[in-house]
Number of protein chains: 2
Amino acid sequence: MTEYKSDIEIARAATKRPIFEIGEKLGIPAADLAPYGHDKAKISAEFIAAQDGKPDGKLILVTAINPTPAGEGKTTTTVGLGDGLNRIGKKAIVCIREASLGPCFGVKGGAAGGGCAQVIPMEDINLHFTGDFHAITSAHNLLAAMIDNHIYWGNELDIDLRRVTWRRVMDMNDRALREMVSSLGGVANGFPRQNGFDITVASEVMAILCLASDLKDLERRLGNIIVGYRRDRTAVYARDLKADGAMAVLLKDAMQPNLVQTLENNPAFVHGGPFANIAHGCNSVIATKTALKLGEYVVTEAGFGADLGAEKFFDIKCRKAGLRPDAAVIVATVRALKMNGGVKKEDLGAENVAALKKGCSNLGRHVANVRKFGVPVVVAINHFVTDTDAEVAAVKDYVSRLGAEAILCRHWAEGSAGIEELAYKVVELAESGQARFQPLYPDDVSLFEKIEIVASKIYHAGEVTADKAVRDQLRAWEEQGYGELPVCMAKTQYSFSTDPSLRGAPEGHVVPVREVRLSAGAGFVVAITGEIMTMPGLPRSPSAERIYLNDQGYIEGLF
Amino acid sequence: MTEYKSDIEIARAATKRPIFEIGEKLGIPAADLAPYGHDKAKISAEFIAAQDGKPDGKLILVTAINPTPAGEGKTTTTVGLGDGLNRIGKKAIVCIREASLGPCFGVKGGAAGGGCAQVIPMEDINLHFTGDFHAITSAHNLLAAMIDNHIYWGNELDIDLRRVTWRRVMDMNDRALREMVSSLGGVANGFPRQNGFDITVASEVMAILCLASDLKDLERRLGNIIVGYRRDRTAVYARDLKADGAMAVLLKDAMQPNLVQTLENNPAFVHGGPFANIAHGCNSVIATKTALKLGEYVVTEAGFGADLGAEKFFDIKCRKAGLRPDAAVIVATVRALKMNGGVKKEDLGAENVAALKKGCSNLGRHVANVRKFGVPVVVAINHFVTDTDAEVAAVKDYVSRLGAEAILCRHWAEGSAGIEELAYKVVELAESGQARFQPLYPDDVSLFEKIEIVASKIYHAGEVTADKAVRDQLRAWEEQGYGELPVCMAKTQYSFSTDPSLRGAPEGHVVPVREVRLSAGAGFVVAITGEIMTMPGLPRSPSAERIYLNDQGYIEGLF
């Protein structure tokens with residue numbers, strides 16, 4: 001077997017171009033790029049505003065089958081396809097999410113692609129990057145401090161101490177902060193109450209930043225955040241606390257998209273990173289829209305599998321931002337399909353065409369689902385060294401019987417040279433004019449119906465259940481004018497069902513809606529269908545124990 | 001009376017030079033400057049290492065009388081003197097501290113000088129700047145998460161849950177986080193324990209970053225942090241948790257000094273900002289040492305009045321870093337001296353030479369104190385528009401009888417043109433070779449004696465009192481090898497005594513040492529002599545309520 005270099009070795013060996021040069025390729029003048037070091041930059045608000053009215057490029061979504069421990073390589077394929085499109089002469093821009101810092105210290109691993117399809121500088125992207133997540137943390141926690149401060153000084157707004165819904169956030173895996181009693185220690189420290197922290201990517205501020213069209217819209221949405229309720233159940237907003245202006249000030253720079261480059265020196269926007277369960281899991285609208293003005297092709301991704309990521313991309317991001325995707329790529333690997341067919345992780349090295357065929361049911365349903373949004377589909381088989389010809393042929397055969405095409409991609413090992421075929425196919429689909437994008441449900445059906453439509457059409461569930469309290473809450477929000485909002489499903493990413501162990505394509509299962517939450521600033525209603533962890537913990541032996549600076553000043557142990 | 005522009009109006013009207021141009025003046029190649037926008041940059045570790053062995057410039061400390069609500073203008077004078085020295089042909093660099101973000105949302109006000117003596121971009125410096133404080137927050141909280149995680153997974157190090165001394169930090173004024181019980185909610189969230197947050201500038205990581213000579217020394221010091229104790233009172237170190245490497249990785253960029261410019265386009269290093277009570281209150285050693293290699297003159301400041309700031313600058317920073325200051329400037333204002341003489345704030349507008357003369361006792365003692373370190377002194381009278389000629393003459397007369405000179409400075413209104421006389425005087429003192437710097441006490445007296453020496457020689461106290469428990473603790477640390485460390489006095493900044501209302505120059509008072517803390521990573525023992533607040537709160541009507549982005553995208557309400 002060939003010796004492969006590690007991701008970090010490949011990244012360090014790359015020849016980076018100065019970031020102003022990458023910007024120049026896109027027609028961004030140096031004065032409109034605020035550099036962060038020599039290899040990262042933010043694009044100015046003025047430049048972005050000046051693009052208004054220019055024609056848009058083609059928008060390509062990269063999504064995937066349900067994730068398995070085998071790994072699918074969605075970000076890697078997104079980056080690879082961007083390079084592939086540039087290789088065949090299209091001006092393409094990759095748009096992906098920023099990485100959360102906290103999890104890097106738990107389990108080894110980065111979020112900037114892999115192999116020969118990476119965005120760089122990967123160390124920075126996985127650590128502080130341009131400070132966006134820190135700014136979000138600050139803005140979120142300023143609002144939290146203003147809530148307790150308001151209560152401390154007399155509580156003029158009459159906030160019910162027991163009904164403060166705005167928690168605090170930290171970009172860290174820290175289970176000790178999940179549940180606490182704060183304001184202990186006496187009069188000077190306020191009124192003791194139950195409280196807790198989520199990880200920063202779970203902050204509604206993150207979702208807002210990723211859905212806002214500009215700074216004005218950002219400030220408006222921040223003001224709409226519900227921080228808690230009074231005894232009479234009426235909502236208290238961030239605007240009531242006069243927190244929205246200062247929060248917007250803290251987010252002024254974070255709002256601007258970050259420009260970096262791929263290993264092949266093609267432009268990539270890395271901006272925003274909301275959770276894909278209690279939020280919508282896509283990079284920022286402002287980055288995607290700006291990229292559409294500057295590139296012929298924009299390749300973006302959405303969190304988790306297509307049941308969560310693509311559905312939210314279409315029903316929340318595209319609906320709200322007026323985006324019209326031209327084609328979708330569904331990433332699968334032979335290994336992950338075999339796991340969907342029942343093979344254990346330790347047996348993945350052996351050829352197993354029968355299991356693979358069985359597991360293809362998962363892929364097949366995602367293909368059918370994406371088509372329900374009116375978007376043409378191609379399947380990318382992200383090649384792994386142990387894949388056999390028979391296995392690859394079986395996937396291709398399965399997909400062709402769905403009236404689509406599955407293309408073997410070797411971008412991980414070969415970069416853009418390994419993904420040319422997919423790039424040509426994507427261009428063919430996008431330029432065919434086949435796309436007739438429409439969201440899955442209209443704005444004007446009830447919130448519960450929206451949940452039912454997603455559950456039946458996308459998950460193939462038999463029934464959605466919910467307590468009276470949940471249904472009453474949804475109706476109350478409808479009466480308050482929130483009925484037009486889309487729903488944001490918080491479900492396990494491992495299955496179409498709410499049972500993470502049900503791989504493949506389960507049918508007729510029950511989706512229990514345990515809780516609903518209103519993200520009034522972001523503009524969606526979250527339906528929680530299981531245990532959703534919004535503050536991860538560290539494992540027994542966290543990777544932080546093995547991370548250090550080597551004698552050359554390079555970071556070791558992060559990847 | 002003349003109409004004066006606000007600080008922010010002056011700052012916005014300034015003509016900034018590209019940061020690479022400012023670096024070029026200092027001989028820093030563009031490749032060794034990592035830009036953050038077009039007006040901020042970090043200096044590379046490689047460039048700094050390459051300066052080793054080059055001769056040092058002159059080091060000038062700017063300190064002040066005890067602070068009063070009238071304001072003294074220490075940072076303004078530091079910046080003004082830097083510009084003044086450049087004006088008279090000396091290559092001078094200003095070295096000041098970074099501002100904490102949290103307090104900006106409490107009471108209006110910035111920390112980048114004022115009037116015509118400011119460092120810019122002041123908005124950035126007062127908000128996220130280059131992300132240093134966020135990095136310190138992350139490194140601090142990673143260690144905290146690793147402590148609770150270690151206990152959660154079995155507590156192999158046998159840490160006593162009740163004796164964890166490492167709290168968490170946030171760069172926010174948030175009284176609700178001062179005292180809490182964390183890890184509530186059941187088995188999955190760990191073992192409930194008393195916990196709390198300090199503001200980031202109070203973090204020992206901040207003090208460490210500001211005292212470390214380079215990244216290697218930083219990592220070594222981080223490993224030395226004591227995070228808590230076992231039941232047998234033996235210490236548990238960050239190194240035992242293997243947290244030091246990952247913390248150093250998080251601080252890699254934060255460790256590099258930040259280059260900005262003054263309104264007159266002269267270089268300024270703004271780097272680090274430890275508390276001046278439980279820490280030493282000076283900008284980073286690495287910034288000061290780098291500036292000494294690049295400039296003929298380095299003008300730096302220390303927190304609070306000279307009793308705290310200058311003493312710690314000399315006894316902690318200079319002692320540990322091997323710095324030898326050449327002259328000191330003590331800043332006073334006529335208004336603040338009148339307050340020291342008993343005048344109320346509302347009566348400061350009226351001439352009152354008698355009260356002024358009485359208040360000069362405070363200035364006189366600081367002059368005598370600084371001379372105890374072998375450093376020649378000049379007094380800067382930071383001119384205020386209401387000062388009368390008789391008042392200014394009275395201060396000059398008082399200081400001349402001490403064998404020193406007091407010079408009227410109009411840098412706030414006039415920039416460098418208003419501070420030429422002080423600049424010439426500073427050069428005269430520094431080049432006279434008068435300085436015979438020595439710390440106040442040697443390394444090898446007991447920790448309690450060190451406290452007594454500072455209290456008697458600097459505070460003019462009659463006695464230092466401490467419980468047996470405090471004295472025993474100090475002796476125990478001496479036995480463990482910490483006896484050589486300097487002491488870091490945590491005392492009110494408003495008085496030479498521990499009573500904040502005792503202005504002027506009190507004598508024979510009692511200094512009660514209530515508590516002692518070991519900052520083993522930073523390398524000092526903190527002696528706490530009163531109520532020291534390490535997590536501020538917000539006022540009834542926080543300035544955050546009035547901060548917003550105006551239609552031009554400028555920040556309003558921050559200053």
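Reading guide: rules and limits
Residues numbered from 1 in each chain as written. Chains lettered and ligands numbered in written order. Predicted model: local features only at pLDDT ≥ 70, side-chain atom pairs only at ≥ 80, totals over all residues. Heavy atoms only, no water. Domains from an automatic or database assignment. Contact = heavy atoms within 4.5 Å. Buried area = accessible area lost by both parts, 1.4 Å probe. Salt bridge = Lys/Arg side-chain N within 4 Å of Asp/Glu carboxyl O. Polar contact = N/O pair within 3.5 Å; in protein donor to acceptor, adjacent residues only side chain to side chain. Least-squares fit on C-alpha atoms with pLDDT ≥ 70 in both. Phe/Tyr/Trp six-rings, centres within 6.5 Å; stacked < 30°, edge-to-face > 60°. Helix = DSSP H or I, 4+ residues; strand = E, 2+ residues; numbered from the N terminus. Buried < 20%, exposed > 50% of the residue type's maximum accessible area, 1.4 Å probe, protein only. Axes fitted to C-alpha atoms, helices over the stretch in contact; angles between N-to-C directions. Parallel < 35°, antiparallel > 145°, perpendicular 65-115°, else oblique. Left-handed = near helix turned anticlockwise from the far one by under 90°. Nonpolar A, V, L, I, M, F, W, Y, C, P; charged D, E, K, R; others polar.

Asks: Give a description of the domain arrangement of chain A that names residues and reports values.
Replies: Residue and element names in this part refer to chain A. Domain annotation of chain A identifies domain 1 (55-101 + 266-432), domain 2 (132-251) and domain 3 (447-528). Its C-alpha centre places domain 1 at a distance of 36 Å from the equivalent point of domain 2. Contacts between the two partners involve 19 residues from domain 1, matched on the other side by 15 residues from domain 2. When the area that domain 1 buries against domain 2 is broken down by residue, the three leading residues are Ser-100, Leu-101 and Phe-275, summing to 31%. In this structure, the connection of domain 1 to domain 2 is made through zero salt bridges. In this assembly, domain 1 and domain 2 are joined by four residue pairs in polar contact (both at pLDDT 80 or more).

Asks: Summarise the relation of the copies chain A and chain B; cite the residues concerned and give the values.
Replies: Superposition of chain A onto chain B requires a rotation of 180° combined with a translation of 0.0 Å along the rotation axis, giving an RMSD of 0.0 Å. The superposition operator between the copies reduces to a two-fold rotation axis. Looking at the rotation axis and the C-alpha trace of chain A, the residue lying nearest is Tyr36(A), at 2.2 Å. A shared interface surface links the copies, since 100% of the contact residues of chain A are contact residues in chain B too.

Asks: Lay out the packing of aromatic side chains with the relevant residues and their values.
Replies: Aromatic ring pairs are reported here in terms of the distance separating the ring centres and the angle at which the planes meet. All names here are of chain A. Summed over the entire model, instances satisfying the criterion amount to 10 aromatic pairs over all chains. Aromatic pair Phe-314 and Phe-437: ring centres 5.6 Å apart, planes at 40°, arrangement tilted. Of this pair, Phe-314 sits in helix 11 (residues 309-321) while Phe-437 sits in the loop between helix 16 (420-431) and helix 17 (447-457), placing them 123 residues apart in sequence. Take Phe-314 and Phe-437: they sit in the same class, and that class is buried. The rings of Phe-313, Phe-314, Phe-373 and Phe-437 are connected pair by pair, giving a single aromatic cluster.

Asks: Describe the side chain of Asn149(B), and please don't skip the residues or the numbers.
Replies: Considering the arrangement of structural elements, one finds Asn149(B) in helix 7 (residues 132-152). With residues up to four places along the chain from it excluded, the contact list for Asn149(B) reads Arg175(A), Leu538(A), Pro539(A), Arg540(A) and Pro542(A).

Asks: So what about the packing of helix 8 (residues 204-211) of chain B against helix 9 (residues 215-223) of chain B? Which residues, and what values?
Replies: For any two helices packed against each other, the geometry is given by the interaxial angle and the distance between the axes. All names here are of chain B. Packing of helix 8 against helix 9 leaves a shortest axis separation of 9 Å and a crossing angle of 150°. With respect to helix 9, the element helix 8 is oriented roughly antiparallel. When you trace helix 8 past helix 9, the crossing you get is right-handed. Together, Val-205, Ile-208, Leu-209 and Leu-211 of helix 8 and Asp-217, Leu-218, Arg-221 and Leu-222 of helix 9 make up the contact between the two elements. Taken together, the residues of the contact of helix 8 with helix 9 sort by class into six nonpolar, no polar and two charged.

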